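Letter by letter, the chains look like this.
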Amino acid sequence: MLIGELAAEAGTTTRALRYYEEQGLLEPGRTAAGYRVYEPGAVRRVRNIRELLATGFTVEDVKSFLGYLDADLPEVFCHSARCADGFVVGAQRVADLEERITTLIRLRDSLVHKMPWLAPSEAGAVEPSAEP
């Protein structure tokens, strides 16, 4: 299939596909005229790349899963020795997220301390106060 067909099938853009190619995540073939051409399995690979990126992994992280991008994602997140690189990358990403969450909570608490009328309600929404 051509790049536009893959983009439509995988729910992304041709620009994203070219970026994945630049990053070494996707390798198209070429027609005699030089057009990119993809195997049907590229749809799964692109969807997996997009899901990993949406989950918080970076492009560099996704590169550590290259050998598994053509399979169902649960297989990518296995716990065996053959997945050790992916496990290390996943553990680091969780640690990074925990650090960011802690920082955001600290910032929110500091702001609410300085402006108590901004304290979130029980439902999680900030309720406006008549008096600041």
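Structure's up top.
Below you will find a few notes about this structure. Treat the numbers as computed from the prediction; the structure is a model and nothing was measured. (Residues numbered from 1 in each chain as written. Predicted model: local features only at pLDDT ≥ 70, side-chain atom pairs only at ≥ 80, totals over all residues. Heavy atoms only, no water.)

**Some points on the packing of helix α1 (residues 3-10) against helix α3 (residues 42-54)**
Between α1 and α3, whose axes approach to 9 Å, the crossing angle comes to 55 degrees. Here α1 is positioned oblique relative to α3, judged by the angle of their axes. The element α1 and its partner α3 pack so that their crossing is right-handed. For the pair formed by α1 and α3, the contact residues are L6, E9 and A10 on the first element and A42, V43, V46, R47 and R50 on the second. (Axes fitted to C-alpha atoms, helices over the stretch in contact; angles between N-to-C directions. Helix = DSSP H or I, 4+ residues; strand = E, 2+ residues; numbered from the N terminus. Parallel < 35°, antiparallel > 145°, perpendicular 65-115°, else oblique. Left-handed = near helix turned anticlockwise from the far one by under 90°. Contact = heavy atoms within 4.5 Å.)

**Details of the nonpolar core**
One finds L6, L17, Y20 and L26 to be the most contacted residues of the largest nonpolar core, which totals 22 residues. Every element with two or more residues in this core is listed here: α1, α2 (14-22), α3 and α4 (59-63). If we ignore the near neighbours within four places in the chain, the residues touching L17 are I3, L6, A7, T12, L26, Y38 and V46. (Core = buried A, V, L, I, M, F, W, Y, C linked by side-chain atoms within 4.5 Å. Buried < 20%, exposed > 50% of the residue type's maximum accessible area, 1.4 Å probe, protein only.)

**Structural notes on the environment of E27**
In this fold, E27 is placed in the loop between α2 and β1 (29-30). On the basis of relative accessible area, E27 is assigned to the exposed category, the value being 73%. For the pair formed by E27 and L17, sequence separation is ten residues and the distance between their alpha carbons is 9.7 Å.

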